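Descriptive analysis of the structure
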Amino acid sequence: SYDWYRQMRESQPVYFDPQMQGWHIFRYEDVARVLTEHATFSSDRNRFTPAGDPNSNPIISSMLFMDPPRHHQLRQLVSQAFTPRMVARMEARIQEITNDLLDKVVAKGEMEVIRDLAGPLPVTVIAELLGIPTERREEFKQWCDDFLSGDGNATPEAQQVGMQAAGSMVSYFNKLLEQRRAQPHDDLVSALLQAEVDGEHLSSEELVGFCVLLLLAGNETTTNLLGNTILCLDEHPEAVEQLRARRELVPGALEEALRYYSPVKIMLRWPVSETTLSDQRIEAGQTLLAWLPSANRDEAQFPNADQFIIEREPNRHLGFGRGIHFCLGAPLARLEAKIALNTMLDRLPGSWRVPDVPLSPINNLSVFGIAKLPLTWQ
Ligand code: HEM
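None of the values given here were measured: they were computed from a predicted structure.

1. Quick look at the nonpolar core
Cys211 and Val212 are the most contacted members of the largest nonpolar core, which has 76 residues in total. Sort the elements by how many residues they give to this core and helix α12 (residues 204-235) lands first, with 16 residues. Beyond its immediate stretch of four places on either side in the chain, Val212 contacts Pro58, Ile59, Met169 and Phe173. Judged by nonpolar contacts, the second largest core, of 20 residues, contains Val14, Trp23, Ile25 and Trp270.

Now the structure itself:
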């Protein structure tokens, strides 16, 4: 929690945790260094931890866990298909999906933000990008949830369910790739199949890894950005009126929500050689756990770090990471969140209130969000 982050930033900013067998990193300066100096701090988990089975964890074969030069090649390849222009083309469709979702709740005067908007919006958008048919979207959301709940800290049963979900996603995308290979469409998967750098295409494993990565990276994170933004606004009701009156402040408010309640918590890295961070000696291959929410509340970087200030400037938060692995989906996440928040401001009048009930934080090592977020207005 944020109290723990503050204590650790002050007393043990780089701390070896015997239980996790890794170093926790809490200060902005150190986290930014770990993310930026990719030649020292590797993302290649296969190099330092026992290799997993790509069928049980397909994103092991994705660029998220690769170093240059392969990371650079892969990122160039997928960037040909996943461009800011393609994202901008989605704008009208994102607006339409948002309107449809809000149509169902406006008259009621209340909603459950995650179930009614923040959950379905990103999964619908990414499913349309990937060409997953409407009738299978629920199933995909379930696979993503199962996979994420089956992380290293989960019970053996949950890990088993997570592995099955991963297997289902892999076989689904393998089939989809076969179909598009035989008969290309005007869609992301076909564009990925055609993408080429130095005469080289993506391998099937890499293609599947990337599709699964998009699903996993693009869903829960964006859901939580929206939910966390509503949470910030609930704690600062005056900001709702301010935003309603001055829409040009919306993008900045979303950046501040990314800083204040960062949806992604931990980035893992492995130093390739012995190194020092805040006076601690770290050996090659030891695991580093860099805490984004802690870095984003570091007073040394952000004056009044524990205040939510929608006009904060500068705001060089690390919510989307930094350096060569900087979030590829940031333009899409920003666009979805902007449209969703603007449409809520348009259509849900009066003051917004999250009823006084205990909120259930998502119990997960890697994401911060609220599982259920009731909201009333007027
Ligand atoms: C990478 C956060 C939405 C796709 C990352 C990283 C962070 C992040 C922190 C860096 C990982 C690292 O350094 O190891 C977020 C947040 C989001 C979001 C907070 C929403 C608010 C999305 C969306 C997509 C996406 C919507 C795609 C549709 C990716 C991909 C990478 C990535 C492909 C890997 C990039 C690479 O390794 O070069 N994201 N993300 N993200 N994100 Fe996002």
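The structure having been displayed, the exposition proceeds.
2. A short note on unusual backbone geometry
Put simply, Pro68 and Pro69 share a cis peptide bond, and its omega is 5°. When you line up the elements, Pro69 lands in the loop between α3 (45-48) and α4 (70-81). Unusually for a residue other than glycine, Asp198 sits at a positive phi of about 50°. For Asp198, the location among the structural elements is in the loop between α11 (188-194) and α12. Assessed through the 6 C-beta atoms surrounding it within 10 Å, Asp198 is described here as exposed. A positive phi is found at Gln378, a non-glycine position, where the angle reads about 70°. Considering the arrangement of structural elements, one finds Gln378 in the segment after β9 (374-376). On the basis of neighbour counts, which here come to 10 C-beta atoms within 10 Å, the residue Gln378 falls in the exposed class.

3. Concerning the environment of Leu77
By the secondary structure assignment, Leu77 is in helix α4. When the 21 C-beta atoms within 10 Å are taken as the criterion, Leu77 is described as buried. Separated by 187 residues in the primary sequence, Leu77 and Val264 place their C-alpha atoms 25 Å from one another. Excluding residues that lie within four positions of it along the chain, Leu77 makes contacts with Ala195, Val197 and Leu202.

4. A word on the sheet that holds strand β8 (residues 287-291)
Strand order in this open sheet of five strands is β1-β2-β8-β5-β3, and the pairing throughout is mixed. Both edges of this open sheet fall to β1 (14-17) and β3 (41-42), since each of them pairs with a single strand only. In terms of strand pairing, strand β5 (residues 266-271) meets β8 through four bridges, oriented antiparallel. Directly across from Ile266, in β8, lies its bridge partner Trp291. Most of the contacts of helix α2 (residues 28-36) go to β8, to which it runs at about 125°, and overall it touches β1, β2 (22-25), β3, β5 and β8.

5. Some details on the site of the ligand
The immediate surroundings of the ligand are formed by 25 residues, with Gly218, Gly321, His325, Cys327 and Gly329 found nearest. Among the secondary structure elements, those contributing two or more residues to the shell around the ligand are α12 and α16 (330-347). With seven residues, α12 is the largest single contributor of residues to the shell around the ligand. Class assignment for the residues of the shell around the ligand results in 16 nonpolar, eight polar and one charged.

6. Focus on the environment of Gln142
Tracing the backbone through its elements, the reader meets Gln142 in helix α9 (residues 137-149). Here Gln142 falls in the partly exposed class, since 13 other C-beta atoms lie within 10 Å of it. Between the alpha carbons of Gln142 and Ala165 there is a distance of 8.2 Å; along the sequence they are 23 residues apart.

7. With respect to the environment of Gln95
Mapped onto the elements, Gln95 comes out in helix α6 (residues 91-103). By the C-beta count within 10 Å, which is 15 here, Gln95 ends up partly exposed.

8. Observations concerning the pairing of β8
Of the pairings in the sheet, the one linking β2 to β8 comprises four bridges and is parallel in character. For Trp23, the partnering residue across the bridge sits in β8 and is Leu288.

9. Considering the confidence of the model for the chain
Close reading of the predicted structure is inappropriate where its pLDDT is low. Confidence in the prediction for the chain averages 92 pLDDT; 98% of positions are at 70 or higher. This prediction of the complex comes with two scores: 0.95 for pTM and 0.98 for ipTM.

10. Notes on the packing of helix α8 (residues 120-130) against α9
In contact at an axis separation of 10 Å, α8 and α9 are set at 110° when each is read in the N-to-C sense. One finds that α8 runs roughly perpendicular with respect to α9. Of α9, the residues touching α8 (which contributes Val123, Thr124 and Ala127) are Arg137, Phe140 and Lys141. When its residues are assigned to classes, the contact of α8 with α9 shows three nonpolar, one polar and two charged.

11. Quick notes on the packing of α8 against α12
Helix packing for two helices is described by the angle between their axes and how far apart those axes are. Contact pair α8 / α12: the axes reach a minimum separation of 8 Å and the direction vectors enclose 160°. When the axes of α8 and α12 are compared, the pair comes out roughly antiparallel. Judged by the twist between their axes, the crossing of α8 over α12 is right-handed. Taking contact as the criterion, the partners of Pro122, Val123, Ile126 and Leu130 in α8 are, on α12, Cys211, Leu214, Leu215, Gly218, Asn219, Thr222 and Thr223.

Parameters at a glance
- Residues numbered from 1 in each chain as written.
- Predicted model: local features only at pLDDT ≥ 70, side-chain atom pairs only at ≥ 80, totals over all residues.
- Core = buried A, V, L, I, M, F, W, Y, C linked by C-beta atoms within 7 Å.
- Buried ≥ 20, exposed ≤ 12 C-beta atoms within 10 Å, placed from the backbone.
- Helix = DSSP H or I, 4+ residues; strand = E, 2+ residues; numbered from the N terminus.
- Contact = placed C-beta atoms within 7 Å.
- Pairing = 2+ DSSP bridges.
- Axes fitted to C-alpha atoms, helices over the stretch in contact; angles between N-to-C directions.
- Near = placed C-beta within 6 Å.
- Nonpolar A, V, L, I, M, F, W, Y, C, P; charged D, E, K, R; others polar.
- pLDDT = per-residue confidence, 0-100.
- Parallel < 35°, antiparallel > 145°, perpendicular 65-115°, else oblique.
- Left-handed = near helix turned anticlockwise from the far one by under 90°.

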